[in-house]
Structure formats: structure tokens, C-alpha cells
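# Structure at a glance
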Amino acid sequence: MMNMKRTALLYILCLLLSPAGARVKLPAFFADNMVLQQQSECNLWGWAEPDKKVSISTSWDKKSYTVTARKDGYFQVAVKTPEAGGPYNITIAEQSSHHSPLTTHLSNILIGEVWICSGQSNMEMQMKGFKQQPVEGTTEELLRCRDSQLRLFTVKRHASLTPVNDVTGHWDEANSASVRDFSATAYYFGRALRSTLGVPVGLICTSWGGSACEAWMQADWLKAFPKVNQHVTQQDVDKLKQRCPTALYNGQLKPLIGYTMKGAIWYQGEDNIPRYDYYAPLMARMVQGWRDDWKQGEFPFYYCQIAPYDYSLIGWKDSQLLREQQLKAENLIPNARMAVLMDAGLEYGIHPRKKRQAGERLALLALSNTYNIKGLPDFAVYKEMTIQNDTCIISFDRSKEWVYFEHGTTSPNFEVAGSDRVFHPASKVWVSRNRVYVKSNQVSQPAAVRYAWRDWTEGDLMHDGLPVSSFRTDKWDTHPITTQSKGDYNNPQ
């Protein structure tokens, strides 16, 4: 009898310890404290025992969903979410023929607005800053940033030759500890949304300093760009990491695709300055690819124009040509807008301190164009030039208010050229309503005007409290950019 009892006990222990008794595995971003997109069919997925049924129960509507895991164990289900609110719970149970269902409980879930935040170091730059590179206003912000309705998730850096199915990271409520280690640009974006919309906000930041746009794209998308090396090996990934084509799409973006969200924000471009000439179509193809993969239509995509900086310090120059490409991208990408940072750069630092301006200007675009909040300012953009005798007259689109100069009644940032294509500083610049008038004593018959057309400048042309992008009225060929780099400038450790 004793042997029979011992045998029965061993059998029960074997069942409990067998692989069939394992709970479902979920990606890291389906976890406690997460935010799900409100009023949506939100995708949830994971891995269970092959061919077993998985049940998902949501506390906000007491509804249950059942799905059968595939032969490889993968399962996916879409759960319906209500209007913003919470906290709620989700219970996931895997059915088994050997024992009662094993359950996984996700708690403290909010329903609200979810945004993906991506790019290179100026998106990655945490509120605590980089070494000897602070973020302006961090101390004051950390004293008041506690907000249980703002949730933050940072994807750990990972470059991969092939697509992976999970990331490393965790959800946190916003407080001084979590905000200190989170993207400053993304935080200020989320804080502004929270303040204006009054609903929970979830931010997933996947970025890496020094990353190339090409790194965030699939190989098939890059076939249209013959200058991009398509023969990527593991050795390339090990050497180039965040600059290797496809490496960050595979390692940091692919696992997130399908997470139901509202839209994306993007702050990248510095690494592409030496390859500026095809950046606008490259970025447009990236956004198209993300949208195709996500299957959420033309979701909103808002991005920062790179800020002015003295690129001669790292052996580059003419970053205004990359800024111009970013401006052109607005016309190539549906449902996309650009936040201008001409007044928020740093002459001696590629990581500007004014991250509040970056995040809040992205939020302005989202609130105006996605959430239809009325009364917010907009970025004016160069429209056309007309010439009257020796004076050039510049007009603007989206200029409901008058344009003006930030530091007085004129600006040192304008140049004029004649048909000889030699530019001279403007001798007189003034504003009348929403027109800028420009002339140079050295050019009697002007043909072109350029504004803030250099690497470093303090942009001073404003409209409704916001800066106007650098621009040129000509389409003349420009000289090649120096491509020598002084090390991994954009990959602070």
C-alpha cells in the first residue's frame, strides 16, 4: 500500500513538473502596468503548449476569448477595449488534459492612448542626460513628474541579423526614478498628451544612439536604394550594430509590430547626414513599411527635424541639406508632420538640452492633427518667393498669424544670390504681416534667398511662437558633404 501511495505521489509530481504544466509565455510588453489602446481591437499574443486552447478574460467587460495555439505554440487574439480608464486585469489560462488550467494574471492595466517612440540618441537621451550632457529642466521636472496614469516602457538595445520575437524591458508608472531613466523627448510628449487629453498614456520607446534610418527597415524595403549595402552578415551586425541595415528592425521593432497603438513619434537623422541625398524617400519607405506591417492603416507619424549643431566638430558639414530632406518628407508621407527645432540646438553639442521643446512640439502636432484639439499653433513653412526690383519677398503656408523675428525687427540669417549663384549676407531684412522682405546691396538682380542655411545657427524666424525651418528658394546643385567621422559620436555610454 505504501509503495502504491508513493507511486501515485511521484506521478502527480511528474505531471506538475512536466512541460505541459508550463504557463503561457508572453512578450515582455504584455505585462503588469501596461497600457492598451482605448476603443480598439487590441492584439494580444504569446506562446503555449502546441494545439492547446488558451482562454483570455478581461475584467473591464467580463468577456472571455478562446483561441487554439498553433503547432509551434503561437497564439494571438484581439480583445475589445472600452473608453479610457482602469486599472483593470487580464487573466490568461492554458487548458491542459493533465491538470487544472494554469493561469497568468496581468494587473494594474490602463486603457488609454499608446504611442511608439523611436529614433537615435536624441530620442534615446534620458531625462538624466548623457555624461556631461544634461537635459534642461531635469531637476525641476523630477520633483513633479509622479503620474500613475503615465506608463513608460524602454526597449533594451539589441541588434540582430534575423527577426526576434521578444524584447527586454518592463512597464513603469511615471515617477522620479522611472522618468529619470526614460527618454526625455518621449516623456515630454506623453506628459503633454496627459495634460490635454486627461486619459492614461502609454509610451514604448525603442531607440539607439547613432542608429541609421536603414537599421530600422526590412531588407526588401531597401532594394529601392542601391547605395545601401544589402549584403549584411553577422560580422556586419557585430561591427556596425545600430548602423547596420535591418539590425534594429529585427532586434527592436519587429517584436513590437502588432501592438495596437495610436501612432509613432520619431527623432532621427543625424547619422544620415553623409547620405542626405536620398533621406526623404528612404524615410517615406520606412514609414510605409511600418504601416504595412502594423496593419493599422496610415497611422499618425510625427517627427523632429534635427536641430542646428556645428558638425565641423565631428568632420561633417552641410546638415541643412538633411534638414531640407526632412522638410520634403512631409509631402511624401501621408498623415505625417515635422516638428521644427531651429531655435533649440546647441552649437557645441549634438545632443541639445531643450528636450521639452522637442517633446511638446511633437505633442502639438499630435493634439492638433490626430486628436483635433482646436486653437493650437502650427509650424509655418516656406511657400514661394517673388522679386520686385532688388527685393525678394518670401511668403509662407500655414501662416494664419504674422511671422516675426525672435530677437528684434531683423535677422542675420538671410543670404541673397544673383544668377552667378554667389551668396551674400542680406543688408536689409524686414517683415510685413506674413511676408519677409530681403535685399542685399551686393546683389542688384536677385535670383535666390537662403535662410539659416548652415550647420549651426540660432533660428530666429518665428510664427505663432514656433520656429520656421531653414529653407532655400533655389534648387541649385550643392557640393558633396565630407563623410569622415570622428568616432561613434552619437553612441554615448
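Notes on the structure in this doc start here.

## Let's talk about the pattern of salt bridges
Under the criterion given, the structure shown has 26 salt bridges. With its nearest N and O atoms 2.6 Å apart, the salt bridge here joins E141 to R191. Here R191 lies in helix α5 (residues 184-197) and E141 lies in helix α3 (residues 138-142), a separation of 50 residues in the sequence. Looking at E141, the relative accessible area reads 2%, which means it is buried. By relative accessible area, R191 is classed as partly exposed at 24%. If you follow the salt bridges from partner to partner, you end up with E141, R144, R191, R356 and E360 in one network.

## Description of the sheet that holds strand β21 (residues 448-451)
Taken together, four strands build an open sheet; the order of strands is β18-β17-β21-β24 and the sheet is antiparallel. Looking at strand neighbours, the two that pair on one side only are β18 (423-425) and β24 (471-472), the edges of this open sheet.

## A word on the sheet that holds strand β22 (residues 461-463)
Sheet architecture is open: three strands sit in the order β16-β22-β23, paired in antiparallel fashion. Single-partner strands in this sheet number two, and they are β16 (403-405) and β23 (466-467). Taken together, the three bridges between β16 and β22 define a ladder with antiparallel strand orientation. Bridging across to β22, V403 finds its partner in H463.

## Considering the pairing of strand β12 (residues 301-304)
On β12, burial covers both faces: F301 and Y303 on one face and Y302 and C304 on the other are all buried. Bridge count between strand β11 (residues 263-267) and β12: three bridges; the pairing is parallel. Among the inter-strand pairings, A264 is bridged to a residue of β12, identified as F301. Tracing the backbone out of β11, into helix α8 (residues 279-294) and back to the parallel element β12 gives a crossover that is right-handed. Of the strand pairs in this sheet, β12 and strand β13 (residues 336-339) are connected by four bridges, and their pairing is parallel. By the bridge assignment for β13, Y303 is matched with M338.

## Points about the packing of aromatic side chains
Aromatic rings considered in pairs are described by the distance between their centres and by the relative angle of their planes. All chains considered together, the criterion is met by 29 aromatic pairs. Ring geometry for F30 and W45: centres 4.8 Å apart, planes at 85 degrees, overall edge-to-face. Of this pair, F30 sits in the loop between α1 (2-17) and β1 (35-37) while W45 sits in strand β2 (residues 41-47), placing them 15 residues apart in sequence. Residue F30 is classed as buried on the basis of its relative accessible area of 3%. Judged by relative accessible area, which is 6%, W45 ranks as buried. Members of the aromatic cluster, joined through ring pairs, are Y382, F396, F405, F414, Y451 and F471. Positioned above the aromatic ring of F299, the side-chain terminus of R291 is 5.6 Å from the ring centre. In this structure, K428 is placed above the aromatic ring of W430, and the distance from its NZ or CZ to the ring centre is 4.8 Å.

The rules behind these values
- Residues numbered from 1 in each chain as written.
- Predicted model: local features only at pLDDT ≥ 70, side-chain atom pairs only at ≥ 80, totals over all residues.
- Heavy atoms only, no water.
- Salt bridge = Lys/Arg side-chain N within 4 Å of Asp/Glu carboxyl O.
- Helix = DSSP H or I, 4+ residues; strand = E, 2+ residues; numbered from the N terminus.
- Buried < 20%, exposed > 50% of the residue type's maximum accessible area, 1.4 Å probe, protein only.
- Pairing = 2+ DSSP bridges.
- Right-handed = clockwise from strand over helix to strand, strands pointing away.
- Phe/Tyr/Trp six-rings, centres within 6.5 Å; stacked < 30°, edge-to-face > 60°.
- Lys NZ or Arg CZ within 6 Å of the ring centre and 35° of its normal.

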